[in-house]
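For reference, the chains in residue letters:
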4 protein chains.
Amino acid sequence: MVIVMQEGATEEQIQHVIDRIVASGFDVHRSTGATHTVLGAVGVHRDFDHRDFELLSGVREVVLDLGKGVKIGGPEVVVAAGPCSVESREQIHAVAEAISKAGAKIMRGGAFKPRTSPYAFQGLGEKGLQMLREAADKFGLFVVSEVMDPSQIEMMSGYVDIFQVGARNMQNYFLLRALGEVQKPVLLKRGMSATIEELLLSAEYILSGGNYNVILCERGIRTFETYLRNTLDIAAIPVIQKLSHLPIVADPSHGTGRRDKVGAMARAAVAAGADGLLIEVHNDPDHALSDGAQSLEPTQFAQLMSEIRIIAPAVGRRVA
Amino acid sequence: MVIVMQEGATEEQIQHVIDRIVASGFDVHRSTGATHTVLGAVGVHRDFDHRDFELLSGVREVVLDLGKGVKIGGPEVVVAAGPCSVESREQIHAVAEAISKAGAKIMRGGAFKPRTSPYAFQGLGEKGLQMLREAADKFGLFVVSEVMDPSQIEMMSGYVDIFQVGARNMQNYFLLRALGEVQKPVLLKRGMSATIEELLLSAEYILSGGNYNVILCERGIRTFETYLRNTLDIAAIPVIQKLSHLPIVADPSHGTGRRDKVGAMARAAVAAGADGLLIEVHNDPDHALSDGAQSLEPTQFAQLMSEIRIIAPAVGRRVA
Amino acid sequence: MVIVMQEGATEEQIQHVIDRIVASGFDVHRSTGATHTVLGAVGVHRDFDHRDFELLSGVREVVLDLGKGVKIGGPEVVVAAGPCSVESREQIHAVAEAISKAGAKIMRGGAFKPRTSPYAFQGLGEKGLQMLREAADKFGLFVVSEVMDPSQIEMMSGYVDIFQVGARNMQNYFLLRALGEVQKPVLLKRGMSATIEELLLSAEYILSGGNYNVILCERGIRTFETYLRNTLDIAAIPVIQKLSHLPIVADPSHGTGRRDKVGAMARAAVAAGADGLLIEVHNDPDHALSDGAQSLEPTQFAQLMSEIRIIAPAVGRRVA
Amino acid sequence: MVIVMQEGATEEQIQHVIDRIVASGFDVHRSTGATHTVLGAVGVHRDFDHRDFELLSGVREVVLDLGKGVKIGGPEVVVAAGPCSVESREQIHAVAEAISKAGAKIMRGGAFKPRTSPYAFQGLGEKGLQMLREAADKFGLFVVSEVMDPSQIEMMSGYVDIFQVGARNMQNYFLLRALGEVQKPVLLKRGMSATIEELLLSAEYILSGGNYNVILCERGIRTFETYLRNTLDIAAIPVIQKLSHLPIVADPSHGTGRRDKVGAMARAAVAAGADGLLIEVHNDPDHALSDGAQSLEPTQFAQLMSEIRIIAPAVGRRVA
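This one's a predicted model, so the numbers in the text were calculated from it and none came from an experiment.

**Q** Just give me the short version of the overall build of chain A, but keep the residues and values in it.
**A** Secondary structure summary: chain A contains eleven helices and 15 strands in total. Over its C-alpha atoms chain A spans a radius of gyration of 19 Å, differing by no more than 12% from the 20 Å that the globule rule assigns to 320 residues. Along the three orthogonal principal directions, the C-alpha set of chain A runs to about 60 × 40 × 40 Å. Each charge sign in chain A was given a centre, from 32 positive and 38 negative side chains, and these centres are 4 Å apart.

**Q** With reference to specific residues and values, describe unusual backbone geometry.
**A** Residues and elements named next belong to chain A. Non-glycine residue Lys68 carries a positive phi angle of around 45°. One can find Lys68 in the loop between β5 (64-67) and β6 (70-72). What makes Lys68 exposed here is its relative accessible area of 64%.

**Q** Now, about the relation of the copies chain A and chain C: what can you tell me, with residues and values included?
**A** Note on the identical chains: chain A maps onto chain C by a rotation of 180° and an axial translation of 0.1 Å, with an RMSD of 0.1 Å. Look at the turn and shift together and you get a two-fold axis relating the two. When C-alpha distances to the rotation axis are compared across chain A, the minimum falls at Phe224 of chain A, with a value of 2.2 Å. When the interface residues of chain A are mapped onto chain C, 100% of them are again interface residues, pointing to one common binding face.

**Q** Requested: an account of helix α3 (residues 89-102) of chain B, with residues and values cited.
**A** Residue and element names in this part refer to chain B. Compared with the 20 Å implied by 1.5 Å per residue over 14 residues, the 20 Å span of α3 between its first and last C-alpha is a close match. Elements in contact with the buried residues of α3: β7 (76-82), β8 (106-108), α4 (126-138) and α11 (298-311). Looking one or two residues past α3, Gly103 carries a phi angle of roughly 120°, positive in sign.

**Q** Explain the interface of chain A and chain C residue by residue, including any values.
**A** Of the residues lining the interface, four residues belong to chain A; the matching set on chain C comes to four residues. For the chain A and chain C pair, buried surface summed over both sides reaches about 320 Å², with 82% attributable to carbon and sulfur atoms. Contact with chain C buries area across many residues of chain A, yet Arg222, Phe224 and Thr226 of chain A alone supply 90% of it, more than any other trio. Taken together, chain A and chain C are joined by zero residue pairs in polar contact (both at pLDDT 80 or more). Its residues assigned to classes, the side of chain A that touches chain C comprises one nonpolar, two polar and one charged.

**Q** Before we move on, could you go through the interface of chain C and chain D and cite the residues and values that matter?
**A** Taken residue by residue, the interface counts 36 residues in chain C and 36 residues in chain D. The contact between chain C and chain D buries some 3000 Å² in all, and 72% of this surface belongs to carbon and sulfur atoms. Glu225 of chain D is paired through a salt bridge with Arg190 of chain C; the nearest N and O atoms lie 2.7 Å apart. Across the contact surface, chain C and chain D share six residue pairs in polar contact (both at pLDDT 80 or more). For the side of chain C that touches chain D, the secondary-structure elements that each account for two or more residues are α8 (236-243), α10 (259-271) and α11 (298-311) of chain C. Among the elements that line the side of chain C that touches chain D, the one with the most residues is α10 of chain C, at seven residues.

**Q** Go over the side chain of Asp233 of chain D, please, and point to the residues and values.
**A** Note that Asp233 of chain D resides in the loop between β12 (214-218) and α8 (236-243). Ignoring sequence-local partners within four residues, the contact set of Asp233 of chain D consists of Glu225 and Thr231 of chain C together with Arg190, Glu218 and Ile221 of chain D.

**Q** Any details on the relation of the copies chain C and chain D? Residues and values, ideally.
**A** The operation relating chain C to chain D is a screw motion whose rotation component is 180°, with 0.0 Å of axial translation and a residual RMSD of 0.1 Å. Comparing interface residues between copies, 100% of those in chain C also lie at the interface in chain D; the contact surface is shared.

**Q** Tell me about helix α7 (residues 196-207) of chain C, and name the residues and values.
**A** Here α7 of chain C contains twelve residues, and its C-alpha end-to-end distance of 16 Å stays within 8% of the 16 Å for a straight helix at 1.5 Å per residue. Most of α7 of chain C sits out of view: eleven of its twelve residues are buried.

**Q** Explain the nonpolar core to me, using residue names and the numbers behind them.
**A** In terms of nonpolar packing, the biggest core is built from 336 residues, with Ile279 and Phe301 of chain A, Phe301 of chain B, Ile279 and Phe301 of chain C together with Phe301 of chain D touching the most fellow members. Discounting residues that sit within four places of it in the chain, Phe301 of chain B has contacts with Val79, Ala81, Ile99, Ala102, Ala104, Ile279, Val281 and Leu296 of chain B.

**Q** I'd like to hear about the pattern of salt bridges, residue by residue, with values.
**A** In a structure, side chains of opposite charge can pair up when their charged atoms sit close to one another. On inspection of all chains with the given rule, the structure shows 60 salt bridges over all chains. Between Glu11 of chain A and Arg30 of chain A there is a salt bridge, and its shortest N-O distance comes to 2.8 Å. With Glu11 of chain A in helix α1 (residues 11-23) and Arg30 of chain A in strand β2 (residues 27-32), this pair connects stretches of sequence that are 19 residues apart. Taking relative accessible area as the criterion, Glu11 of chain A reaches 45% and is therefore assigned partly exposed. Measuring nitrogen to oxygen at the nearest pair gives 2.6 Å for the salt bridge that ties Lys189 of chain C to Asp251 of chain C. Residue Lys189 of chain C is found in strand β11 (residues 186-189), and its partner Asp251 of chain C is found in the loop between β13 (248-250) and α9 (252-256); the two are separated by 62 residues along the sequence. Both residues of the pair, Lys189 of chain C and Asp251 of chain C, count as buried. One salt-bridge network, held together by shared partners, links Arg190, Glu218 and Asp233 of chain A together with Glu225 of chain B.

**Q** So, the side chain of Glu87 of chain B: which residues are in play, and what are the values?
**A** All names here are of chain B. Topologically, Glu87 is positioned in the loop between β7 and α3. A relative accessible area of 19% means that Glu87 is categorised as buried. Here the side chain of Glu87 touches Leu289 through a polar contact of 2.8 Å, landing on its backbone nitrogen.

**Q** Let's hear about the packing of helix α10 (residues 259-271) of chain A against helix α10 (residues 259-271) of chain B: which residues, and what values?
**A** Relative to each other, α10 of chain A and α10 of chain B sit at 150°, their axes nearing to 7 Å. The orientation of α10 of chain A with respect to α10 of chain B, classified from their angle, is roughly antiparallel. As α10 of chain A packs across α10 of chain B, the resulting crossing turns out to be right-handed. Contacts between α10 of chain A and α10 of chain B involve Ala264, Arg267, Ala268 and Ala271 of chain A from the former and Ala264, Arg267, Ala268 and Ala271 of chain B from the latter. Residues that form the contact of α10 of chain A with α10 of chain B fall into these classes: six nonpolar, no polar and two charged.

**Q** Outline the pairing of strand β3 (residues 37-42) of chain C, listing residues and values.
**A** Of all six residues in β3 of chain C, five are buried; the element is thus mostly enclosed. Where strand β2 (residues 27-32) of chain C hands over to β3 of chain C, the hairpin turn is made up of four residues, counted between the paired strands.

**Q** Could you give me a rundown of the packing of aromatic side chains, with the residues and numbers involved?
**A** All names here are of chain A. A full pass over the atoms with the stated rule returns four aromatic pairs over all chains. Aromatic side chains Tyr173 and Tyr205 sit 4.3 Å apart centroid to centroid with 15° between the ring planes, which places their arrangement in the stacked category. Pair noted here: Tyr173 is in helix α6 (residues 173-179) and Tyr205 is in helix α7 (residues 196-207), with a separation of 32 residues, a long-range link. An identical accessibility class is assigned to Tyr173 and Tyr205; each is buried. Over the aromatic face of Phe142 sits the side chain of Lys68, whose NZ or CZ is 4.5 Å from the ring centroid.

**Q** Give a detailed account of the packing of helix α3 (residues 89-102) of chain D against helix α11 (residues 298-311) of chain D, specifying residues and quantitative values.
**A** Residue and element names in this part refer to chain D. Viewed as axis vectors pointing N to C, α3 and α11 meet at an angle of 20°, and their least axial separation amounts to 9 Å. In terms of orientation, α3 and α11 fall into the roughly parallel class. In the packing of α3 onto α11, the handedness of the crossing is right-handed. In this structure, α3 uses Ala98, Ile99 and Ala102 to contact α11, whose residues at the interface are Pro298, Phe301, Ala302, Met305 and Arg309.

**Q** Describe the environment of Phe174 of chain A, naming the residues involved and giving the relevant values.
**A** Following the sequence through the fold, Phe174 of chain A ends up in helix α6. Along the chain, Phe174 of chain A and Tyr205 of chain A lie 31 residues apart, while their C-alpha atoms are 9.3 Å from each other. Apart from the residues within four sequence positions on either side, Phe174 of chain A is in contact with Pro150 of chain A together with Met148, Asp149, Ser151 and Gln152 of chain D.

**Q** Can you lay out the state of the cysteines for me, pointing to particular residues and giving the numbers?
**A** Residues and elements named next belong to chain A. Under the criterion given, the structure shown has zero disulfides over all chains. No disulfide involves Cys217; its nearest neighbouring cysteine sulfur is the one of Cys84, lying 14 Å away. Look at Cys217 and you get buried, because its relative accessible area is 0%.

About the thresholds
Residues numbered from 1 in each chain as written. Chains lettered and ligands numbered in written order. Predicted model: local features only at pLDDT ≥ 70, side-chain atom pairs only at ≥ 80, totals over all residues. Heavy atoms only, no water. Helix = DSSP H or I, 4+ residues; strand = E, 2+ residues; numbered from the N terminus. Rg over C-alpha atoms; globule rule 2.2 N^0.38 Å. Lys, Arg positive; Asp, Glu negative; His and termini not counted. Charge placed at Lys NZ, Arg CZ, Asp CG, Glu CD. Buried < 20%, exposed > 50% of the residue type's maximum accessible area, 1.4 Å probe, protein only. Least-squares fit on C-alpha atoms with pLDDT ≥ 70 in both. Contact = heavy atoms within 4.5 Å. Expected span 1.5 Å × (residues − 1). Buried area = accessible area lost by both parts, 1.4 Å probe. Polar contact = N/O pair within 3.5 Å; in protein donor to acceptor, adjacent residues only side chain to side chain. Nonpolar A, V, L, I, M, F, W, Y, C, P; charged D, E, K, R; others polar. Salt bridge = Lys/Arg side-chain N within 4 Å of Asp/Glu carboxyl O. Core = buried A, V, L, I, M, F, W, Y, C linked by side-chain atoms within 4.5 Å. Axes fitted to C-alpha atoms, helices over the stretch in contact; angles between N-to-C directions. Parallel < 35°, antiparallel > 145°, perpendicular 65-115°, else oblique. Left-handed = near helix turned anticlockwise from the far one by under 90°. Pairing = 2+ DSSP bridges. Phe/Tyr/Trp six-rings, centres within 6.5 Å; stacked < 30°, edge-to-face > 60°. Lys NZ or Arg CZ within 6 Å of the ring centre and 35° of its normal. Disulfide = S-S within 2.5 Å.

Put into structure tokens, the structure is as follows:
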């Protein structure tokens, strides 16, 4: 949990918040900035309510602020969208325009693709990141993209706003530790067979290094049911919100693997209280180089956005 | 699938519908009644759209009609609610009044309880069913209750409107066959480790006996994630709607086992397109003889109903 | 646990054993017969060692005695074999001769087949049981066959030595209770998604009715791994032997679903300490009416028997 | 598959083997050494029998040769043993002496420990590897130890004979690719929720880089059964032997997480045909810094070795 104190919060107010964090069983990391003091609470605890901290005197917020008014974990359900892989400048601009118009705030797109088979398309690399950044800037979007190895962090820092850690790397502790030392937010995907508790412990690897900006992501677990690629564990959303202060988003594209099921599961995630969504959108899914079968067309994405706009108020949220 | 023909449908119209059913790969059972001809289509098929049949000339409807204007599988999301077990006349009247006021149409309550341990409370039996019927009648509700053995069917027929088959009996073929010979609807719960395909094949045991009024129910599957009792497979809802014409409802009470997670999962189910919900409600959950931990209090249930009223229009549905 | 006292055991010895059973946390059912007193210990407990009771003065044995020198849970690994379904007199005699010669003591064969689809072959019924009994008698074998409903128990009692409860009925409490009132042994198969603890609690439904002759059977659980039909949980064997006094056998035929994997898993089960095996053998697997793909040919079965004869001494056991 | 040609094999013989490899659907990598030509066959195929290649004229062997007469995948079941973590010189020497005397050929021990929680003991690092090498050399053992990141490979090459890739890194493609470029064998553990097919595809990442010396390891999968830490998928052993030429070993220590179940599962693995075992042994398990609960004491390990010596002949194998 990151607690940002108000500008001009007194030392007494700060100390009171620290005491409360400690009393809740967390360790505290304090960083005193030019204008704001930020307190990081580290640890995993059952049945604690982070909203208690929002009410303390001197506290500004406990949400993850991306800038430009986009905050994850607050009243707005934030949507990230984009293709599985960056393929070309034309593709990525077309998608950026479409998703931005429909209300997405973040653009997703892979430049380094972890593929189960070594013989499949592996991504465009840095060139892909450049295209992603350029398109995102043009349409006022943030960028999230997957990092696979500590050696990529420095280069990628020039292009992305959020580092994504894929499900296969959820317990790659070398990578997690390295991300604990950067200042950018990290979107950490739940491993295919990871328990909720293990996901939270993996987040600790990042938090304990001093990077408090972690977003968790439910993307489907592996069960005996094989009709869809994974079983999206919608219940993990309210469970994680009970156990942790970290925002939790859902990825119904990987969670189902089929375009015609993405809408239903995205709506379900928002209805269950998700702080955001990660949706694959491609301007020409049938010719996508990867994951075309689970990518929405731009019009389908716009339709989905209009549906979740209806649902969000049922949980006291809104969609841009 | 049950196709009810309009009063006065011509033999030619009926034959045309039969031809279409056969062309879709189903077997057809025809029953020519005094006013209506009813066609039962039996079989499991991928990627067929039952709405095609609604457009054929002479067809009245393909939904499951309980009477008094309550139809499952149509535009209304139908909610069944009530305690895990019937415990006393006072309890059951209090619950019936509360759920009816909040918008439920069906009352649920167990008289015979399948318990994992032979030493736990096993239910009030026929006396419980009498109480359930009496309370339901007073508040204009339908009754659904679990049948465990063919020997109970005749007696129960005097009290219930819908027979429920529990998850543990999903592959009790003796029971399924016996229910294929009754005229009342059957609510068939998915077994804890049953695939969607197996659930549909179990439904076939009932349908192939001539009882076409089957409602399927997703109630959680068993996975490695043990924080909650089960993993409610929300994706099963759109998948079943693709594979079968049968209505599909969700049971978030058994699907989570925890009162504080029921609301989120009920909302998710409606957002994903469920035709109905099965919710445990108890007037005094802390003193319930069974499953108190997962029962909502009446005010929580009313709150949930108001939330799903907001959500339903996102999927073109409404809640009473 | 069934404790058979020696002929002529004194009342003091009997009372001492009862005290020890109670001290271990079990309930005791006592039946005083003409020559032997039998004590049934009912309940599930962790970390108790039933061999402690074998050492008490006056105790004869704690194993399950089928008669004619065949005991399950003692030093001999007992093998049951036979076809999935009884198909004809010729078939069943051929198989009985082959398995008896190879060392099997029990003949298995289904007369009532629980099939996932209602359209598949459902068994020969009582006629099949007659054939099974006749063939078994000719070759000195015991008979085990599946019972699916309480209404079949009386008729089947005339033909079988052991009632089998299938995986799908592990939690059919009506059936389990009815079997608690018969005197013949019951082989209870673990449900596809049942935990070990649930299997033991289902056994309690039988034991608590007064029938202490329960044999447990591991037959594969459902997991995400789908290369084989099920994942045979070999570890359940030593776990159950730690938690319960009941004998545990393994069914590698259903546990794998493929003939070419049955041998490896049967050997593994014996090496892990199984008290017995259940193996599908058919004289002409390629033309079997059910489960041909997982049935061994007689020569393969004989080969398997010779392999487990080598393995059994590694766990202090022997094979006939 | 690595096929080592005999010294002096003719070009015609070599070409014939290459043709056969290609005809079986594999790609071929040829390396012509001073004395031997080695052919690497890369790809995953169902139902191919690598023994066919052993019979071709000019072929010396298709097993993985560690040197000093130790070959994995041949008639001998090879056992690796040692502590979870290297803790001290005394510990590691005591264990090395004990396991060597009992018949182990390889010493295992972790210097870098991937722990679910960032607050747990993380290993001794290079100092631990030095101790491991020293103890192994003294007792004539090979060394296997886990590598977690490409940056460790060069340093570790000075100490280990086999690189181990842990279950959590089974799909860390950066690491796998880096290991494809080294010449030392790699022991690749199956991920907790990886299918057999995914394990084989991960092996391809190494093989396709030119390192053909890959050993697969079954170490338990995650299922709903939680009595033990994992469900050791014994059936994966014969399945993998059918699908791939790569040797497959089992790790019953991680596969069960409990010392008192290791023996049963190790025996089961050998009975099912495993090419080797990986067993945790500690001279003082109760004071181990990690995984003490699943480590055998030296006398228990010696007992286990004597048991598998009885079992191995049942599958045409032997134990040193």
